[in-house]
Amino acid sequence: VTITYIKNDSVVGGTYANEKGIATLDLKKNFDRINISHLSYYSKTIDRHSNVSSVIHLEEKTQELAEVIISNKPSKPTWIGAELNKKNAFISAQRGIEISTLIRGNETLSGKKITQLKFEIKRRKELYAAVLKIHFYDATTTLPGQLINATQDITVIIDAKTKGTITVDLEGYSIYLLNEGVFVGIEWLGLVDADHNLLQNDTNNDCSLGFNRVEKNNLTFIRNKFSNGDWHPFKFYGFENDDVFVVPALSLEVE
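As the structure is a computational prediction, the values presented were derived from the model and not from experiment.

Caption draft 1: Representation of the overall build of the protein within the structure. In terms of regular secondary structure, the protein is built from zero helices and 17 strands. Partitioning the contacts of the protein with sequence separation of at least 6, the portion at a separation of at least 24 is 74%.

Caption draft 2: Looking closely at the sheet that holds strand S1 (residues 2–7). Pairing is antiparallel in the open sheet, where four strands are placed in the order S2-S1-S3-S4. Looking at strand neighbours, the two that pair on one side only are strand S2 (10–16) and strand S4 (41–47), the edges of this open sheet. Each adjacent strand pair in this sheet contributes to an overall mean axis angle of 20°, direction not counted. Both S1 and S2 contribute to a ladder of six bridges, which runs antiparallel. Bridged to Lys7 within S2 is Ser10.

Caption draft 3: Expanded view of the pairing of strand S7 (residues 97–103). Across the seven residues of S7, seven count as buried, placing the element largely inside the fold. Of the two faces of S7, the one holding Ile97, Ile99, Thr101 and Ile103 and the one holding Glu98, Ser100 and Leu102 are both buried throughout. In this sheet, strand S14 (residues 220–224) lies alongside S7 in antiparallel orientation, the contact comprising five bridges. The partner of Ser100 across the bridge, within S14, is Phe221.

Basis of the calculations
Residues numbered from 1 in each chain as written. Predicted model: local features only at pLDDT ≥ 70, side-chain atom pairs only at ≥ 80, totals over all residues. Heavy atoms only, no water. Helix = DSSP H or I, 4+ residues; strand = E, 2+ residues; numbered from the N terminus. Contact = heavy atoms within 4.5 Å. Pairing = 2+ DSSP bridges. Axes fitted to C-alpha atoms, helices over the stretch in contact; angles between N-to-C directions. Buried < 20%, exposed > 50% of the residue type's maximum accessible area, 1.4 Å probe, protein only.

Next comes the structure, spelled out in structure tokens:
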């Protein structure tokens, strides 16, 4: 669950609940109310000075299943996107930061189911597991558009010692590739202890995501969920020179 602090209709910070739905609020922050949100539930806003229970219930959303087409024609999986190349960099992110990049589609692959996501990470201290969420957005504009997995929460826990290639199984989700492609977002929730309790720290994540160096148009955007939440073009200065863009080495299996 994502909890954001709101002051005068602006987001001024936030935190996450752990996998048991337990969260600790920072009452030292200057805010009027909090907004509680989760992909599978309707959001709720609560005034800071309201007399509410310590247990807050959210109303579950009704999930509409996508149309399933049955065919006796076997299909072979296809990987699209970017594999890590020799010209790469590994960039870490703070809690609440989301990186989203466009993976282009085509008419041949349009409508095929997305079954796996693959990306590369490095670790530094390897003391804690890292938690992230995966988001898919339509690509009808130059920015990440409408959330495709709007009622399907995809949370991934990466164990402390795990590094290198990470493969996320998406077979159980109803996510399909669009003709124009899809924006894939990785939102960093932070680090967790052995009991999967989120550590309330704002330092850089122990995980770093692998990026490739490209010299064409920018395909990648960044936003802070605990700030204004707007998308901005992602630019990494100092990666060989200031005139190149970098994109996350993300690839999708479609079938």
